[in-house]
Protein chains: 2
Amino acid sequence: VDMNLSASSNPSETFYAEWQYLLPASDGELATLSFLQDVMDILLQYLVTNFDRSTKVIDFHYPNELLQEYNWDLADQPQTLEEILSNCRIALKYAIKTGHPRYFNQLSTGLDMVGLAADWLTSTANTNMFTYEIAPVFVLLEYVTLRKMREIIGWPGGAGDGIFSPGGAISNMYAMLIARFKMFPEVKEKGMAAIPRLVAFTSEHSHFSVKKGAAALGIGTDSVILIRCDDRGKMIPSDLERRIVEAKQKGFVPFLVSATAGTTVYGAFDPLIAIADICKKYKIWMHVDGAWGGGLLMSRKHKWKLNGVERANSVTWNPHKMMGVPLQCSALLVREEGLMQSCNQMHASYLFQQDKHYDLSYDTGDKALQCGRHVDVFKLWLMWRAKGTVGFEAHIDKCLELAEYLYNKIKNREGFELVIEGKPQHTNVCFWYVPPSLRNMEDNEERMNRLSKVAPVIKARMMEYGTTMVSYQPLGDKVNFFRMVISNPAAAHQDIDFLIEEIERLGQDL
Amino acid sequence: VDMNLSASSNPSETFYAEWQYLLPASDGELATLSFLQDVMDILLQYLVTNFDRSTKVIDFHYPNELLQEYNWDLADQPQTLEEILSNCRIALKYAIKTGHPRYFNQLSTGLDMVGLAADWLTSTANTNMFTYEIAPVFVLLEYVTLRKMREIIGWPGGAGDGIFSPGGAISNMYAMLIARFKMFPEVKEKGMAAIPRLVAFTSEHSHFSVKKGAAALGIGTDSVILIRCDDRGKMIPSDLERRIVEAKQKGFVPFLVSATAGTTVYGAFDPLIAIADICKKYKIWMHVDGAWGGGLLMSRKHKWKLNGVERANSVTWNPHKMMGVPLQCSALLVREEGLMQSCNQMHASYLFQQDKHYDLSYDTGDKALQCGRHVDVFKLWLMWRAKGTVGFEAHIDKCLELAEYLYNKIKNREGFELVIEGKPQHTNVCFWYVPPSLRNMEDNEERMNRLSKVAPVIKARMMEYGTTMVSYQPLGDKVNFFRMVISNPAAAHQDIDFLIEEIERLGQDL
């Protein structure tokens, strides 16, 4: 051990903190294996309970309770390794069991064992995607995996470009950035001041990241025009065309249509073929935000819902959602090769030396917005190897079948009211639970008022009991309703049954 | 097991792939423990060799060699778990040993055992930082940790705001975004078209992400004015003031000065106090990019180099660099509270319900550019608990001592020529190796030409032998030179000695 804590005010008081006995201490091997094995035991024990229906989804405590119950502070002096293990146990004790069969709260749920192993390996390799030189295997796997995803989208030979980014919002922002650059490359040097007023179009049900991206990119949220949707949440193409014409008449330049394949709340798929026709007619970049719905491309049964995606200029597709890959794993795929590079490169010669001894096309760092970039590909690649495309297909078909099962169970059940009619297109099923006290009320403002308070109370009770978790939200003129989504292959029919009965149990007195 | 692969063309051919025997399969516990223990054994074995000086830093192969040697393709059908384990072994076989005591290539090196354990736990928890509801402990730890970092910066009581972002480039982009919003809040809705022409200032030695951010944000790279540096790479305040006045005279609006604390190549610290005075005088947002140098705030011996940082409006500080936290871990700290939220929030009620049963100030998702956000805090927090502030201090003091050791060894050594005079301020030591054949040449163009080819050849040989790795680059009118940096606590004096002798061995015939 050649690093001692001499920082103490009295230099003679040097001592070894326990972490100093771990690697890279020269004799640290045994201490390290023992410590990491202890950590592993904690993790493995957690994993087993993670999937156990008899355990709570969450042991919920309010923020002030958790802050008071433990001392989370960062101190000058080190803790022992036993205390570190205890910190780990506590962190997991109060964590959400995101792999629990009854955790339905987010679009990303579940915990895949091969994906998890791959993420552990990624942490252990502890490198970034900057250059081939520092991540040879991961850079090649990103190349192989993005090409495969483009093939599945339907771009000939898997040609094109792409990147794994830190989430769907950033992937969508990349798309806007590239679309703007394609139309007005001078924006890179000259900024928005040198180009006409741009406008982008997306549906009123699209993800807020389109507006967030527009705000960041200096386009402004007012320049994101929200297109009307039909009752099922799909963009209405005639309204899109009307708004494009209107914007052009006002002197704006339409540069991007962001269609959604799988909206956040309804799980709706915009009509991509009709949108592609309009984009072609008006020469506008077509982006498909398939963060949530992209996974359906893996299913022969369901991929028709994205028909037309092959005509997009760019596609966001988050394997960490419907494909169950651990967080984070989001891809932006671009049809035209080289555009990302031209758009983002800064030619920093001190970072991307041009006289290296290998093929520099594998140095992908300069096409990213980031400098260092986390390795997100390995878990997707390893899961794909373990499951095969057919394994992802089975996962997706199963989750969609469960959503249909839920839909069929509640469509005529007393006390349940569907927000949208018809079979679910994705795994989203949106519904109100109407407690007995409201069932015979007239459909007036008071009923709406009272109904709006039902879901929040049921949700709070769910969390306090820790039995299950599902999301709710208002949307437009519709008051708070539950949005059920299923992306966890651990979920089964019994969990759908449980959810329905639990909502009834927790809401019947409201 | 309630999920079978019925995707085969002949439905009677259903079979179970091996991954299906793992959890969440109802009887998957034993198979899972056995598989994950096998993975762990591979990782632990790798860890031990990671720090072993007798092993190679890298088993380098050219991209086409690696592509040909193995089949990396993604297929329809699953692989066995034994094949998956073999994939893991191969991935590690060709990985860079980023914890190796002789890996000096990047600003982020080393592998901390407690940080690694924390990252494994983070993967296992598999959640994101969106809301308190889905990440109660991690959200609280982010709050505690960011406050502590602000205290260390010197903001009273640790007040202010902040976020962990996917890397320093994105943190710097956040700072630009917030600075622009602070001056012209209407930019969020109206875009750059509605506000005056902005200009930002940063030194000619600053990181390229300032320009990258300006390109993305619609400001344009031409509006990033590069301020001259002195011989040691520090921004010259009088040049900054001159350029601000000049820009104002031309009708531009200066909105941001990005000072650097620890430049990428020289490791220079801009004079923050003088810069703060100028920012105050002209009412410009002062950002400090301390991605690399921020770590020195943990050292009582070295923190004076950042004197004045407490006057900044925002600070980027990457614990994944000088503090040895596993990738990724980058923080953006903001002095004014609430600004990030106003700047980035989109009020998506379907994502951030306002009628939840706990204190909503812990739902941090809407102040981020991202929607889902990876949990980056836990590894920093757990390392801090294990090491204490004094442990980070010892780490940093040790790395800086090693840099000074290197400097002292080569400053008068035949064949070595320092790029900048004087003791290193950070761990960056920049130097040319001059092979015997060039030592007696006149300092003319031909010598420069030949010298420029020395570092790339030595680097290529290093990688082929796999003995060590160090970066090189040209800078301004200076041809390719080595940039040595030390952030790995595994490095010792013997590794510095080795590097010097290895460069001599590999370069003497050039």
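Parameters at a glance
Residues numbered from 1 in each chain as written. Chains lettered and ligands numbered in written order. Predicted model: local features only at pLDDT ≥ 70, side-chain atom pairs only at ≥ 80, totals over all residues. Heavy atoms only, no water. Salt bridge = Lys/Arg side-chain N within 4 Å of Asp/Glu carboxyl O. Helix = DSSP H or I, 4+ residues; strand = E, 2+ residues; numbered from the N terminus. Least-squares fit on C-alpha atoms with pLDDT ≥ 70 in both. Contact = heavy atoms within 4.5 Å. Buried < 20%, exposed > 50% of the residue type's maximum accessible area, 1.4 Å probe, protein only. Pairing = 2+ DSSP bridges. Expected span 1.5 Å × (residues − 1). Polar contact = N/O pair within 3.5 Å; in protein donor to acceptor, adjacent residues only side chain to side chain. pLDDT = per-residue confidence, 0-100. Axes fitted to C-alpha atoms, helices over the stretch in contact; angles between N-to-C directions. Domains from an automatic or database assignment. Buried area = accessible area lost by both parts, 1.4 Å probe.

### Here we look at the pattern of salt bridges
The final tally for this structure, using the stated rule, is 58 salt bridges over all chains. A salt bridge links A:Asp239 to A:Arg242; its shortest N-O distance comes to 2.7 Å. In this pair, A:Asp239 and A:Arg242 both sit in helix 9 (residues 237-249), three residues apart, roughly one turn of the helix. Beyond isolated ion pairs, a larger network of salt bridges with shared partners links A:Glu133, A:Lys356, A:Asp363 and B:Lys459.

### Examining the relation of the copies chain A and chain B
Relative to chain B, chain A is turned by 180° and slid 0.0 Å along the rotation axis, the superposed coordinates differing by an RMSD of 0.0 Å. Seen this way, the second copy is the image of the first under a two-fold rotation axis. Residue A:Leu217, judged by its C-alpha, is the member of chain A lying nearest the rotation axis, at 2.0 Å. Most of the interface of chain A is mirrored in chain B, where 100% of its interface residues are also at the interface.

### Looking at the pairing of strand 12 (residues 478-484) of chain B
All names here are of chain B. A large share of strand 12 lies buried, amounting to six of its seven residues. Note that strand 10 (residues 429-433) and strand 12 share three bridges and pair antiparallel. Bridging from a neighbouring strand, valine 429 pairs with methionine 484 of strand 12. Here strand 11 (residues 469-475) pairs with strand 12 via four bridges, running antiparallel. From the neighbouring strand, serine 471 faces strand 12, where its bridge partner is arginine 483. Once strand 11 ends, the chain turns through two residues before running back antiparallel as strand 12, passing glycine 476 with a positive phi of about 55°.

### Some thoughts on helix 4 (residues 113-125) of chain A
Residues and elements named next belong to chain A. Over its 13 residues, helix 4 runs 18 Å from end to end, which matches the ideal 18 Å to within 8%, given 1.5 Å per residue. Put simply, aspartate 112 is the residue that caps the front of helix 4, since its side-chain oxygen is 3.0 Å from the backbone nitrogen of valine 114. Directly after helix 4, the chain includes asparagine 126, whose backbone phi takes a positive value near 45°.

### Quick word on the side chain of B:Lys387
Residue position: B:Lys387 is located in helix 12 (residues 377-410). Taking relative accessible area as the criterion, B:Lys387 reaches 2% and is therefore assigned buried. A polar side-chain atom of B:Lys387 sits 3.5 Å from a polar atom in the side chain of B:Asp112. For B:Lys387, the residues in contact, after removing those within four places along its chain, are A:Trp19, A:Asp76, A:Pro78, B:Asp112, B:Phe392 and B:His395.

### Let's talk about the confidence of the model for chain A
Residues and elements named next belong to chain A. A residue-level look at chain A finds 96% of positions with pLDDT of 70 or above and a mean pLDDT of 95. Across residues 6-13 the pLDDT falls below 50, and counting only partners more than four positions away or on other chains, this stretch makes five contacts in the model. Here the predicted complex carries an ipTM of 0.96, next to a pTM of 0.97.

### Here we look at the sheet that holds strand 2 (residues 161-165) of chain B
Residue and element names in this part refer to chain B. Here seven strands make up an open sheet; going across it, the order is 2-8-7-6-5-3-4 and the pairing mixed. Edge positions in the sheet fall to strand 2 and strand 4 (224-227), since each of these pairs with one other strand and no more. For this sheet, the mean angle separating the axes of adjacent strands, direction not counted, is 20°. In this structure, strand 3 (residues 198-203) lies alongside strand 5 (residues 253-260), joined through five bridges in parallel fashion.

### A few points about the domain arrangement of chain A
When the parts come together, some accessible area is lost, and that loss is often what is quoted as the size of the interface. Residue and element names in this part refer to chain A. For chain A, the assigned domains read domain 1 (18-97), domain 2 (128-374) and domain 3 (388-507). For domain 1 versus domain 3, the distance between C-alpha centres works out to 34 Å. Counting residues at the interface gives eight residues for domain 1 and 11 residues for domain 3. In total, domain 1 and domain 3 occlude about 760 Å² of area from one another, counting both sides; carbon and sulfur atoms represent 55% of this. Interface area lost by domain 1 to domain 3 is led by Arg53, Val57 and Phe60, which between them contribute 57%. Our enumeration of links across domain 1 and domain 3 arrives at one salt bridge. One salt bridge in this structure joins arginine 53 and aspartate 495, with 2.6 Å as the shortest N-O distance.

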